[in-house]
Structure formats: structure tokens, C-alpha cells
Amino acid sequence: MQNFDLLMHGFSIAISVPHIALMIGGVLLGILVGVLPGLGAPNGVSLLLPITFGMQPVSAIILLSSIYWGALFGGSVTSILFNIPGEPSSVATTFDGYPMARSGRATQALATAFGSAAFGAMVGVVLITCLASWIAGVALEFGPAEYFAVYFLAFSSFIGVGGSPPMKTVVSLTIGFAIAAIGMDTVSGQVRLTMGIDELVKGVNFVVAVMGLFGIGELLIAVEEEMHARAVSSRIDWGEVFRTIVGLPRHGWVLLRSAAIGCWMGITPGGPTAASFMSYGIAKRVSRRRDKFGTGEPEGIVAPETADHAAGTSALLPMLSLGIPGSATAAVMMGGLMIWGLNPGPALFTEQPDFVWGLIASMYLGNIVAVILVLLTVPIFAALMRLPFFIIAPLIFIVCVVGAYSVSNSYLDVVLMMGFGVLGYLFKKLDYPLAPLVLAIVIGDKAEDAFRQSMLMSQGSLGIFFGNALVTTLVAMGFALLVVPPLLRLIGVWRRPVRPA
Amino acid sequence: MFSRRALEALTAAITGAFGIAILVQSLDNGIGWSSAGVESGTFPFMTGLIVVAGSLYNLARGWLRGREIVVTAVEFRRTVALFLPAVVYVALIPLLGMYVTSGLYLLATLRLQNGMSLLRSVLVAVVVSVGLYLVFEWSFQVALPHGLLGAWLER
Amino acid sequence: MRTLKFAAALIAATTLAAPAFAWQPTKAIEFVATAGPGGGTDNFARAVQAAIVKNKLLDQAIVVVNKGGGSGAEGYTYEKGMAGDPYHLVFGTSNTWQQPMVSKVAFKQSDFTPIAAMVQDEFLLWVKQDGPKDVKAYIEAMKARNGAGKMGGAQSKDTDELLTRMIEKTAGIKMIYVPFKSGAEAAVQLAGGHVDSHVNNPSESIGQWKGGTQRPLCVFNTKRLAAGPKITATEGWSDIPTCVEAGLNIPLFQQPRTVWLPLKVTPEQTAFYVDLMKKVQATPEWKDYVEKSSQTQVFLTGAAFTDYMTQDMERVHKVAEEQGWLVK
């Protein structure tokens, strides 16, 4: 109840004309950087950071976090329309979002994504409001062994849901692990797998890999199959946006489950990417319409988007209360906090209640502002689909090339991206699944680090993964997800359609 | 033009070669357990083994599966017509810089390949190049490559 | 935004009288930070940028580029390829000479032209709030753990591990060093009790200290830190004893933050940047940065910088040799 009073006080700070104006400006800038692959919220934030130094800390953080919300929403646009995920957490959105857009339902796909994203974010904010102090405590329980268990859980909930040949899945997954290992190794400080290319010491950036695998690869498949012959008509139709949003509660159970997964992965340090993959994987397993997944099924958009945003939002809490930046954007914001003379950490809540609760209140408002603005832009983005393929294709190449370059100002990345494009084409053509490859690139090295840190701490004993109730539960859940479905399938129980209870 | 057998073999060869490269490289890092815990070459070595084994399996399985054509000559020509200009585009970036090359690439594909009117294709090319400059260089201070041409102009 | 920038550029261009230097930059300058956004070196580069821009010390734009991959090796490798180009400065730490010693990276310290070391970051020994009450108790506790006590730190074979190994040797104890991605991560692991201690910089753990989850035992400097405002109800930085006072005989361990040009630049160009960095240190923005991050200002350039480097390299080399870290 005390939190509630503080929140009301926060609203009284956040609701003012200049603050709302800052939110609108921030969100619009965020959408812009989010839509452009290669640019992201960190670019927007570091651009505006210098001009915020003269502001009140509350106003400044409202502006900066609005960029964050805008970019989170904007990131889904290219995933859905062009199969180019701008950030790791929107990869899972492409699985059903892109097929749906291709089949002429771009407006519906975008609106579904934004609607469920907003729902996820709201659940995340409510959670922060009610359980702030408790959540901060939970995050502290996570040592390397628990980290590893969370990543293991994310892998096992996702692996084996596709219908690809098992050996191709294995090759795809392990190649992903190897790519994640390229560069400087955290635990030993050694340089690994650079293949004689000195610059690879920085590792292979995820965005470079997915833009090639998904964006370019898909383009090559599309031109070969003459997909562009099938003209996609999408009228500018705000009514469709409205109908889609109103229809969202039909997926109530998926929304709730995905939000729960997202919050859990956001508080525990699994992060938005692991959350979105896990949520998609689980949705595909238990859904009555699981056979339709991958062909443009709305539930396949709802599940990852809700979880992504729930995780992204609840991950801001550890940043404030513990000083761990969950993302590059959070890191830049933290740098800003320090320049304003605020130190993130447990004391922030008691010392700067105006600031903290003003920020939390602005999360509610910022998200509402963001979803309204982004929904208004849906028909405009959807109209991009009407451009003829011969214009879109070179534009996509340019966007990918510029995006790959600007990730770390490196020409090598552009060349790598083109290589990944060819690989993506071959893999797609021959039924190698891309999702395990991507998941392994994103969290493979983190999982390996966590495993080896655990081994250091236990001096080589695997017992550390059963050392306490938390880690044992996580590991057991991981094994269960890995082993139970094939067993059930074996004895035929799984065949029966499962009711979404 | 290309049978499934050929494509499967090509892909398995690529993945297999990557696997062998991983194996060789990971030997440099040490495998097994040392005083500093699990050595850094251990996981790459294991993934390398799995990739090589999996590639061999996929090669054999792909070879046994029918000879049906999965990419016809027409399809292949279309794909090359899209990809080849893009490769040239990327190759020219170090020389001419991102802005000029992007414009030329658009101009070439729109005008020469798809027969858009000269005026419109020039317009699109210029708008995109200038737009890139405004968004990246001017407002976000992300410098895209200017190439040797840029270096020469900035002398 | 754009008009603002434009106006600033205009003012800078018209009001700046050209100082008497043999060389002046004629286009935008790139600052390469060998750390990701928000890292210590990133903050350093951005503080220099802010000081220059706000005081109009330069009539050219400055762009900060983050190249933090491979613990900063990405940035150094990139800078190495810029030989002869005086428009790229790399911002780093002692990693410039330390990293090539212990891992197979594609650069060495002699690939760069030194400009200056501008600030020394301090190290402290931190324990959990309910951990050992002083350094003596800490050493006793570690002895009792019989080699299973854990020290967290950022990166492997980096300054944190180097200091850890020096503590082991000085105090006659054995510890398990667990490398994390950053000091912030190590701090959270300590708050959760997953490690027993870490040796973070002041700015990495000040929030945790304020919040009462961990506290410093001693500072690795010959004298106590500057007083500043109180951090907790009763204590400020100057209340923390030096490690020698507290009974751990490591008199001085610091992390210099350094600025470099590529090779093959002219002496005039080097002199220009040395002078620029000197001017930066006189600005209020810079002083504010140094104070807020509880670092110690220095200005080492020319022979003094080279001597410092040689000394530090000897020290690192000695520990690295004992630990078997040296690259073959």
C-alpha cells in the first residue's frame, strides 16, 4: 500500500505538459532508431545524453526511457515486414510475423505485435510497482550456477519444437555455439577461433548474423520462388488496427502465460531474448493450433512479443536497485545517472523516492504513449509492403549493409553478413532450422561462461548444479522439458490435442 | 540446374569445413581441465567434433536422397541477378564509400535491371543516399565509410 | 537539435582564435573508447569529449566510437590500422601494454604513439556487509577457507586478477579467482554472497556501499582517498584505511587511463594533442568527472609516461611469469 501512495506521488510528478511532450519526442525518436537496423536505443540515448545534463534528473530519465520504449516497439517492425530482426529479442517474432505479413495481413501482424507488447510491458510495470523490494532480492540469489540453469532451461524449452531433421538441428545448434565462442574468452582471457583474422577478436555480432541469415537469406529465397509475383495488397486501414486490438483478449491465456515467462526471465537474469524464445517454444508445444505455427499464426506473435516486453520492462528494476545494467541502453542510462550525481543501487529507492517513483510512473505513461503512437504508424509501415519487389530488394540490401556496418563501424561485418546471407539461403532451402543457430549465437557464450565459472567455484564438481533448491528446480525443469515431450509422444499421449486450460 | 544432392553436398561441405577449422583452432587454446578451470578450447573442440560428425551424416543422407532438381536454371538466374549486383555493391564500398556506392547500386538495379525511368531512378538513388547521410552522419554521428574517394576529397 | 549543433559549430568557428601550433586538425576527430557504452573507459572518453566541446577547446567535431569487443582489443586493433592518421585517438587503460603480454592479440604497446595518462583509478578491497570486519579478519577467514575462498573480478588476467594474485602472495593465502564480464557484475555477485570479495574501483561499487550490501576494507594507495561527502551515515572515502595501514603490504595499485595516437604521426600532431589534454584537465567538467568517480588526477606524458609504463610492465611481467600467463 505504501508503494501505491508513492506511485500516486510519482504520477503527480510525471504528469505535466513538458513531461508528456518529452515522452512523445522520446518515443518518436526511439521508434526511428528502433526501425533502422544497426541503430538502436543506445544511439538515441547517447545522442540526447549531453542535452539532458541541464535538466532535472526526473525529466531526463523520462526522456531517455521513452526512447527505450519507442525503440523496443520499433524493433519489431522490420522483423515482421522484412524478416530482419533489429535486435536479438525480436527474432522469435519473425517466425510467424513475417509469414503473416507476406500473406497480406501486415496490418494485423503489426497491431498484434504492438498490442501484446504493450500488455507485456504493463504487466512488467505492475510487477515492479508491487514487488520492487522483493524482486531486487530474488535477483541476488543468482550466481553462475543459477545463470547456467536459466540458460539451460531456455534452450531445452525451445529445442526440439521444430520439425527439422534431428541431425540438421544438431549441426545448426553447434555451429551457433562455435560462432558464439569466437573472440576473447571471458573466463580465460584467451583469444579463440579467430581463423587468422585479427579483427575477429571482437567476436561475431549477433545483429550481423541475423541480418544475413534472415534478411538476405529470405530475400534470396523470395526472388527464387518469385514471391514478389504474388502482389500483397494492404490498404491503409486504421479500422483493422482497432479490430485486431479489440480481438487480442481471445489470446488471453497465451498473453498471461507469456507475460509470466517474460517477468520471470526479466527478474532472473535470463533477459528478453531468452524469454521470447522460451515463450514461443512453450506456446508451440501446448497450443491447440501448434501445427499452424510458423505459417502466420497470431499466437506465434503474441507469445514472443509479450514475453520480450515483460522481460525488458522488469529488467529495468535490477538496474535501478542493484546497478546491473541489463542492456547497452541501460548501461548508457546508468552512466547518465552517475553524471547527474545519482548512484544506482539499493539506496536509490530510499534516497531519491521522487526520482524512482517518477520514473516508474513514467513507465506506465511512456508505454501508453508509445503504443498509441506506434499503432498510429502501423498502416504507414504496412503500406511499405505495397512497394514493388524490385525496389524493396535493393533497399533491403542497403539497409542490411548499412546496419551491419554501423554495429561496430566495421567493413568486415558487412562481408560476414553477406556470407551469412548465403548460409541462410542454403539452410532454409535444405530444412536446416535457423532458430537454434540464432539462439546459440545469442546465449551460447553466456551459458558457457556461467558453466565454467560454476566449475571454477565448485572446483570441478557438477554437484554445484544441485547445490540448493533454486538451482535444482531450474535444472530439473530443464531436463523435464527436454525429456518428457518425446517420451509422451513415444507412448502416444501427446497426440491428443491439449486444451489451453 | 542444381539437384538436391548437389546442394546437400555443398552445404555439408561448408559446415564440415567450418567444423574442421574449429577443431584445429581450439587445439591452440588447450582442452580439458587445468588450475584455471575448464580450459578455453574444450567447448569449441566438442562443438567441432559434433559439427564434423553431423556434416558427414548429412552428406551421406543428402547423397542418398533423390536427384530431383531443387533449383532450376531460371530460378538460379533470378537469384544471381539479385545477389551479384549486391556483391559488387559491397566490394565497391572501400573504394567509393557508402553513400556514392548505395546511390549507384540503386541506380543500376532500378534503371538497368528493371527499366525504371531515368528521372525516377536517379531521384530514388539521390533521396536514399542523402537520407542515409542525414540520418547516420548528421544526426546520430555514426560515420559510414567514405572510401578512398572520400579520403581524396577530404585531402 | 540540429540547429543547436549548427549554432554551436558556428560560434566555435568564429570565436576561436587559432593558437600558435604547427598543426591544427581540419576535420572531425574520432575518439575510440576501448569499452562498451557505460564502461569506465567509455565514461573517460566521453568526459574528455564533454570538456572539449563545452569549453570550445577545438573547432572540430568529436565523435566517440565504442569498440569494446575482446576486452578492448577490438579498439586497439582498429587504432593500429590507422597509422599516419592523426584523427583517431584511442582511449584505454594499462591494457595497452598488459593485454599483449597475456593474450594473443594483434597489437602491442609499441604500435601506438603515447599522448598521456590522465587519471588513475583506485582499487579497494570489498567484502559483503556482514563479511570480515577488517583486513586482518579477512585474511584469517581466507586462510580458514583453505583455498576455497572466492574473489570475483572483471575479466581474466586483467588488473583485477593481477591484484588478486599479488594479495595472495603478500598475505600468504590461496583464493579462487572468478572472472565476470564487468566490475558491476562482480559487485552483484558479492551482494548475493556468491563470491567473498572483489577489488572494484570506487565508482563501480559506491551504490552498493551506500545501500549497505557491501563495504570497502582498504584502499591500495599510499595515502587515503580525498574526503568528499559522507557515503554512508558514518563513513566517507577518507575513513577507509590504506591497505598498508590495515596490514596488507601492497602500497600502491592503480589503473591509469591513457590516451594514444596511432604510429607515424608527426611530433607537431602529438604536441597538439598533449596540449589539448592538458587544457582539458583545467576545465570544471573534467574536475567534476574526476571527483564524482573518486579517481586521482595525474598528467604523465613524454618521458615520465614512458618511465611509468616501463615500471608497470616489469611488475606485470613478474606476476604473469609466476602465474604462467605469458603468451608463448
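Residues numbered from 1 in each chain as written. Chains lettered and ligands numbered in written order. Predicted model: local features only at pLDDT ≥ 70, side-chain atom pairs only at ≥ 80, totals over all residues. Heavy atoms only, no water.

## Section: the sheet that holds strand 3 (residues 88-92) of chain C
Residues and elements named next belong to chain C.
Part 1 of the reasoning: A sheet is described by the order of its strands in space; here six strands give the open sequence 2-1-3-10-4-11, paired in mixed fashion. At either margin of the open sheet sits one strand with a lone partner, and together these are strand 2 (62-66) and strand 11 (296-300). On average, each strand axis in the sheet is tilted by 20° relative to the strand beside it, whichever way the strands run.
Part 2 of the reasoning: Bridge analysis of strand 1 (residues 29-33) against strand 2 gives five bridges, and the strand direction is parallel. Residue pairing across strands places Glu-30 opposite Val-63, the latter belonging to strand 2.
Part 3 of the reasoning: Across the sheet, helix 2 (residues 40-54) is in contact with strand 1, strand 2, strand 3, strand 4 (112-122) and strand 10 (254-262); its angle to strand 2 comes to roughly 175°.
Part 4 of the reasoning: Its contacts with the sheet place helix 12 (residues 302-323) against strand 4, strand 10 and strand 11, and it is angled at close to 70° to strand 4. (Pairing = 2+ DSSP bridges. Helix = DSSP H or I, 4+ residues; strand = E, 2+ residues; numbered from the N terminus. Axes fitted to C-alpha atoms, helices over the stretch in contact; angles between N-to-C directions. Contact = heavy atoms within 4.5 Å.)

## Re the domain arrangement of chain B
Reports often express the size of an interface as the amount of accessible area lost when the parts come together.
Part 1 of the reasoning: According to the domain assignment, chain B contains domain 1 (2-71) and domain 2 (79-154).
Part 2 of the reasoning: The distance between the C-alpha centroids of domain 1 of chain B and domain 2 of chain B comes to 37 Å. (Domains from an automatic or database assignment.)

## Examining the state of the cysteines
Part 1 of the reasoning: Under the definition given, this model contains one disulfide over all chains.
Part 2 of the reasoning: In this model Cys218(C) forms its disulfide with Cys243(C); the gap between the sulfur atoms is 2.1 Å. Sign of the S-S torsion, about 80° for the bond between Cys218(C) and Cys243(C), identifies this disulfide as right-handed. In this pair, Cys218(C) is assigned in strand 9 (residues 214-219) and Cys243(C) in helix 9 (residues 243-246), connecting sequence segments 25 residues apart. Taken as a pair, Cys218(C) and Cys243(C) share a single burial class, namely buried.
Part 3 of the reasoning: Left unpaired, Cys263(A) is separated from the closest cysteine sulfur, that of Cys130(A), by 11 Å. (Disulfide = S-S within 2.5 Å. Buried < 20%, exposed > 50% of the residue type's maximum accessible area, 1.4 Å probe, protein only.)

## Here's the deal with the interface of chain A and chain C
Part 1 of the reasoning: With 44 residues of chain A at the contact, the number on the chain C side is 47 residues.
Part 2 of the reasoning: Summed over both partners, the interface of chain A with chain C comes to about 3,500 Å²; 63% of that surface belongs to carbon and sulfur atoms.
Part 3 of the reasoning: Its largest share of buried area at the contact with chain C, chain A owes to Leu140(A), Thr186(A) and Met457(A), together 16% of the area lost on that side.
Part 4 of the reasoning: Put simply, chain A and chain C have one salt bridge between them.
Part 5 of the reasoning: Linking Asp449(A) and Lys181(C) is a salt bridge whose minimum nitrogen-to-oxygen distance equals 3.1 Å.
Part 6 of the reasoning: The tally of links between chain A and chain C comes to 11 residue pairs in polar contact (both at pLDDT 80 or more).
Part 7 of the reasoning: Those elements giving two or more residues to the side of chain A that touches chain C turn out to be helix 3 (41-52), helix 6 (144-158), helix 14 (328-339) and helix 19 (435-457) of chain A.
Part 8 of the reasoning: Per-element accounting of the side of chain A that touches chain C gives the leading share, five residues, to helix 14 of chain A.
Part 9 of the reasoning: A breakdown of the residues in the side of chain A that touches chain C according to their chemical character gives 24 nonpolar, 14 polar and six charged. (Buried area = accessible area lost by both parts, 1.4 Å probe. Salt bridge = Lys/Arg side-chain N within 4 Å of Asp/Glu carboxyl O. Polar contact = N/O pair within 3.5 Å; in protein donor to acceptor, adjacent residues only side chain to side chain. Nonpolar A, V, L, I, M, F, W, Y, C, P; charged D, E, K, R; others polar.)

## Let's talk about the domain arrangement of chain C
Residue and element names in this part refer to chain C.
Part 1 of the reasoning: Under the domain assignment used here, chain C contains domain 1 (2-120 + 255-323) and domain 2 (124-246).
Part 2 of the reasoning: Contacts between the two partners involve 15 residues from domain 1, matched on the other side by 12 residues from domain 2.
Part 3 of the reasoning: Summing the contributions of domain 1 and of domain 2, the shared interface buries around 1,200 Å²; its carbon and sulfur component is 50%.
Part 4 of the reasoning: Sorting the residues of domain 1 by area buried against domain 2 places Gln-98, Ser-294 and Val-319 first, and these three jointly supply 32% of that buried surface.

## What to know about the packing of aromatic side chains
Part 1 of the reasoning: All told, the structure shown has 40 aromatic pairs over all chains when counted by the stated rule.
Part 2 of the reasoning: Ring geometry for Trp286(C) versus Tyr289(C): centroids 5.2 Å apart, planes at 45°, classification tilted. In this pair, Trp286(C) and Tyr289(C) are both assigned in helix 11 (residues 284-292), three residues apart and thus about one turn of the helix distant.
Part 3 of the reasoning: Since its relative accessible area comes to 0%, Trp286(C) is described here as buried.
Part 4 of the reasoning: Here a set of aromatic residues connected by ring pairs shows up, and it is made of Tyr76(C), Trp97(C), Phe107(C), Phe112(C), Trp260(C), Phe305(C) and Tyr308(C).
Part 5 of the reasoning: The aromatic ring of Trp63(B) is capped on one face by Arg5(B), whose charged end is 4.5 Å from the ring centroid.
Part 6 of the reasoning: The lysine or arginine in question, Lys67(C), covers the ring of Tyr78(C), its NZ or CZ lying 4.3 Å from the ring centre. (Phe/Tyr/Trp six-rings, centres within 6.5 Å; stacked < 30°, edge-to-face > 60°. Lys NZ or Arg CZ within 6 Å of the ring centre and 35° of its normal.)

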